[in-house]
Amino acid sequence: MGDLVIDGGLRKLFRKNLPEFHWQSIETGGVGLGVPDSNFCRRGREGWIEFKQTSGWAVTLEPEQAAWLDRRARAGGRVWIAVRRWGKGPRRGTYDELWLIEGKHALAARREGLRGTPGIVAVHAGGPAGWDWRRIAACLTA
């Protein structure tokens, strides 16, 4: 249940549905503030991804996380934010979406949330079984 609270279970879902990737979880504690949750490599293409969850529109990046993603993107790194937006609402009913955001837009994502952020590359609806994992893989390693 701990992963569901922290990242919406995305870390496990990405590993399960993208088995051709080599994944490395990153836990730096107070040593490397802002370093993303996971590092990945597939066919010689490496990158970083920060996993988040929300039931609304906010992307809860800490200032250090947004700054790290922004700096790495400016240095030419492949960085992403994956946000699982899920819940139940009176108008929309039950929803379970995956939003992929380019890391170079981390500062905007922190400030504006999902509604106002440029760099949203893909939105997948229907829960993990409905998400297009081949497209997700292609986005991460493009």
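Summarised in this report is the structure supplied together with it. Model, not experiment: these values are computed from the prediction. (Residues numbered from 1 in each chain as written. Predicted model: local features only at pLDDT ≥ 70, side-chain atom pairs only at ≥ 80, totals over all residues. Heavy atoms only, no water.)

## Points about unusual backbone geometry
Of note, the phi angle at R43 is positive, near 50 degrees, even though the residue is not glycine. Mapped onto the elements, R43 comes out in the loop between β2 (38-42) and β3 (45-54). Classification of R43 as exposed rests on a relative accessible area of 74%. (Helix = DSSP H or I, 4+ residues; strand = E, 2+ residues; numbered from the N terminus. Buried < 20%, exposed > 50% of the residue type's maximum accessible area, 1.4 Å probe, protein only.)

## Remarks on the state of the cysteines
Here the structure, examined in full by the defined rule, presents 0 disulfides. Not engaged in a disulfide, the cysteine C41 finds its nearest cysteine sulfur in C139; these two sulfurs lie 17 Å apart. Of the residues examined, C41 reaches a relative accessible area of 27% and is grouped as partly exposed. (Disulfide = S-S within 2.5 Å.)

## Observations concerning the sheet that holds strand β6 (residues 120-124)
The mixed open sheet is built from 6 strands, whose spatial order is β1-β2-β3-β4-β5-β6. Edge strands, defined here as strands with exactly one partner in the open sheet, are β1 (22-25) and β6. Pairwise comparison of adjacent strand axes, ignoring direction, gives a mean angle of 25 degrees for this sheet. Pairing analysis gives 4 bridges linking β1 to β2, with the strands arranged antiparallel. Note that in β2 the partner of S25 across the bridge is S38. Here helix α3 (residues 63-74) sits on the sheet in contact with β3 and β4 (79-89), set at roughly 140 degrees to β4. (Pairing = 2+ DSSP bridges. Axes fitted to C-alpha atoms, helices over the stretch in contact; angles between N-to-C directions. Contact = heavy atoms within 4.5 Å.)

## Side note on the pattern of salt bridges
For the coordinates displayed, the defined rule picks out 9 salt bridges. One salt bridge in this structure joins D7 and R11, with 4.0 Å as the shortest N-O distance. Note on D7: relative accessible area 2%, which makes it buried. With relative accessibility at 15%, the residue R11 sits in the buried group. One continuous salt-bridge network, built from bridges that share partners, spans D7, R11, E27 and D37. (Salt bridge = Lys/Arg side-chain N within 4 Å of Asp/Glu carboxyl O.)

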